[in-house]
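# Coordinate analysis (summary)
Okay, here's what each chain looks like letter by letter:
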Protein chains: 2
Amino acid sequence: MARGNDREDRQTGGNPARAQLDAGEAERTVAYKLRLAQILAFRAFEEKLADRGRAPRYLGLLAIIRNHPGEPQSRLADAVALRRSSLVAILDTLTDEGLIERRLSAADRRINGIWLTKKGERIVDELLLESRRHDAMLTAGLTSKETATALDVLDRVIANLRTEDAG
Amino acid sequence: MARGNDREDRQTGGNPARAQLDAGEAERTVAYKLRLAQILAFRAFEEKLADRGRAPRYLGLLAIIRNHPGEPQSRLADAVALRRSSLVAILDTLTDEGLIERRLSAADRRINGIWLTKKGERIVDELLLESRRHDAMLTAGLTSKETATALDVLDRVIANLRTEDAG
DNA sequence: CCCAAACTCTTCGGAAGCGAACAATTGCGA
DNA sequence: TCGCAATTGTTCGCTTCCGAAGAGTTTGGG
């Protein structure tokens, strides 16, 4: 089922203070740390909520849908930095799980408007609580000032990348 | 070939000032922005260097190998936050491209020590230059102080996630 | 010495994202 | 009005990563 709670065979508790390997100069780069942090954060969030279906993985998408009901798939794909073609299977799954529904737009019949179901709204609310808990773990030991500037920096990095892409 | 230079049909320049969809409160979280920024940054880096084989994708790994020659695969997997099983195919590819080689350890014959070839070292040096250029694009418009605290914050986020995982 | 536990790397099937191509629909310019 | 380009959602084949399972090697306790 690929959703097993059994972890893979992995480092048995021993080997307690084995230093991590570093990448030297290559490591002192935003992109490198960004990637490492994101992989670990995403994995931890999903593992913690492995019993909640696929909603945790797509919480960002679901939150956008809640904030902007009825948007076409292509704009949602842009918003979460996925391709249109990738979104199809995702929306199929979320539809099967009863969290969203597609409604044909009357104004433009090429478009499927995407909407949350009642169940979808309930689950999104639940998961948003969990995500705040998760973020508290991520930023443990940081001052609120540091967290704030980190959020600001990430915003501007994203903006740089978006304009780069559009150019 | 899946490496085509033809971009997918995508936003034609028009539609200039269409606001991005936001995720509301869900968006004010480190994990969310982390994911978005990483996806965009990784994609941009790979697209810019699409003609260099698979080395750009695995530059982080290659840099670690350069800094720590002869390490076993399992420790490399930990360092780049991938599973041991995932690393096998990656190292196969990098071996095929002549960038690394596996050498059986004499002391412990379970272990493959991983080493860069001459060609590998040359290419890593090239790509490290590119990665600095890339990072400059990411952090355009940021003060060096802001960048520094962002790097520091990411380090601590990674540390939080690593200890969480080890526990 | 010996055997079970631990650790190494590997193979295999499944899940997910991507790029390319396609049909249906819209709209814009000749 | 007509025709062609642009847009939308979709399908298809490919690549990548994961978890589970397995074989070879090492190690430590009886």
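Residues numbered from 1 in each chain as written. Chains lettered and ligands numbered in written order. Predicted model: local features only at pLDDT ≥ 70, side-chain atom pairs only at ≥ 80, totals over all residues. Heavy atoms only, no water.

Let us look at the protein's contact with DNA strand D. Not every one of the 27 residues close to DNA strand D is listed here, only the nearest: Arg43(A), Ser74(A), Arg54(B), Arg83(B) and Ser86(B). At the protein interface, 72% of the atoms of DNA strand D within 4 Å belong to sugar or phosphate. Residue Gln73(A) places a main-chain N or O atom 2.8 Å away from a phosphate oxygen belonging to DNA strand D. Arg109(B) places a main-chain nitrogen or oxygen 3.1 Å from a phosphate oxygen of DNA strand D. Elements that contribute at least two residues to the surface near DNA strand D include exactly helix H3 (73–79) and helix H4 (84–96) of chain A together with helix H4 (84–96) of chain B. (Near = heavy atom within 4 Å. Polar contact = N/O pair within 3.5 Å; in protein donor to acceptor, adjacent residues only side chain to side chain. Helix = DSSP H or I, 4+ residues; strand = E, 2+ residues; numbered from the N terminus.)

Let us look at the interface of chain B and chain A. Interface extent is often summarised as the accessible area lost during association of the parts. Every contact between the two is made by 77 residues of chain B and, on the other side, 76 residues of chain A. Where chain B abuts chain A, roughly 7400 Å² becomes buried across the two surfaces, and 57% of that area is made up of carbon and sulfur atoms. Taken together, the links from chain B to chain A amount to 28 residue pairs in polar contact (both at pLDDT 80 or more). The set of elements that each furnish at least two residues to the side of chain B that touches chain A consists of helix H1 (30–48), helix H2 (59–67), helix H3 (73–79), H4, helix H5 (118–138) and helix H6 (144–166) of chain B. With 17 residues, H6(B) is the single largest residue contributor to the side of chain B that touches chain A. A breakdown of the residues in the side of chain B that touches chain A according to their chemical character gives 34 nonpolar, 16 polar and 27 charged. (Contact = heavy atoms within 4.5 Å. Buried area = accessible area lost by both parts, 1.4 Å probe. Nonpolar A, V, L, I, M, F, W, Y, C, P; charged D, E, K, R; others polar.)

Across chain A, the average pLDDT comes to 87, with 87% of residues at or above 70. Low pLDDT (under 50) marks residues 1–17 of chain A, which in the prediction has 11 contacts with non-local residues, meaning those over four places away or in another chain. (pLDDT = per-residue confidence, 0-100.)

Another aspect to go through is the environment of Glu101(B). Residues and elements named next belong to chain B. Note on placement: Glu101 falls in strand S2 (residues 100–104). For the pair Glu101 and Gly120, spaced 19 residues apart in sequence, the C-alpha separation works out to 9.5 Å. Only 3.1 Å separates the side chain of Glu101 from the side chain of Arg103, close enough to count as a polar contact.

Attention shifts here to the side chain of Asp135(B). As for its position among the elements, Asp135(B) is in helix H5. Nearest to the buried, unbridged Asp135(B) among oppositely charged side chains is Arg28(A), at 9.2 Å. Engagement of the side chain of Asp135(B) in a polar contact is seen with the backbone nitrogen of Ala31(A), the distance being 3.0 Å. Apart from residues no more than four positions distant in its own chain, Asp135(B) is found in contact with Thr29(A), Val30(A) and Ala31(A). (Buried < 20%, exposed > 50% of the residue type's maximum accessible area, 1.4 Å probe, protein only. Lys, Arg positive; Asp, Glu negative; His and termini not counted. Salt bridge = Lys/Arg side-chain N within 4 Å of Asp/Glu carboxyl O.)

This part takes up the sheet that holds S2(B). Residue and element names in this part refer to chain B. Pairing is antiparallel in the open sheet, where three strands are placed in the order S1-S3-S2. For this open sheet the edge positions go to strand S1 (71–72) and S2, each flanked by a neighbour on one side alone. Summarising the sheet, S1 and strand S3 (residues 112–116) pair through two bridges and their orientation is antiparallel. Bridge pairing links Pro72 to Gly113 in S3. (Pairing = 2+ DSSP bridges.)

Here we take up the packing of aromatic side chains. Counted according to the given criterion, the structure contains zero aromatic pairs over all chains. Of note, Arg35(A) hangs over the ring of Phe42(B), and the distance from its end group to the ring centre comes to 3.8 Å. (Phe/Tyr/Trp six-rings, centres within 6.5 Å; stacked < 30°, edge-to-face > 60°. Lys NZ or Arg CZ within 6 Å of the ring centre and 35° of its normal.)

Residues and elements named next belong to chain A. Helix H5 (residues 118–138) packs onto helix H2 (residues 59–67) with a crossing angle of 125° between their chain directions and a minimal axis gap of 11 Å. The angle between H2 and H5 places the two elements in the oblique class. Regarding H2 and H5, the two cross each other, and that crossing is left-handed. Residues Leu59, Leu62 and Arg66 of H2 form the contact with H5, whose participating residues are Val124, Asp125, Leu127, Leu128 and Ser131. Among the residues forming the contact of H2 with H5, the class breakdown is five nonpolar, one polar and two charged. (Axes fitted to C-alpha atoms, helices over the stretch in contact; angles between N-to-C directions. Parallel < 35°, antiparallel > 145°, perpendicular 65-115°, else oblique. Left-handed = near helix turned anticlockwise from the far one by under 90°.)

Bringing H5(B) into the picture now. Here H5(B) is 21 residues long and its end C-alpha atoms lie 30 Å apart, about the 30 Å a rise of 1.5 Å per residue gives. What H5(B) keeps buried is the set Gly120(B), Ile123(B), Val124(B), Leu127(B), Leu128(B), Glu130(B), Ser131(B), His134(B), Asp135(B), Met137(B) and Leu138(B). (Expected span 1.5 Å × (residues − 1).)

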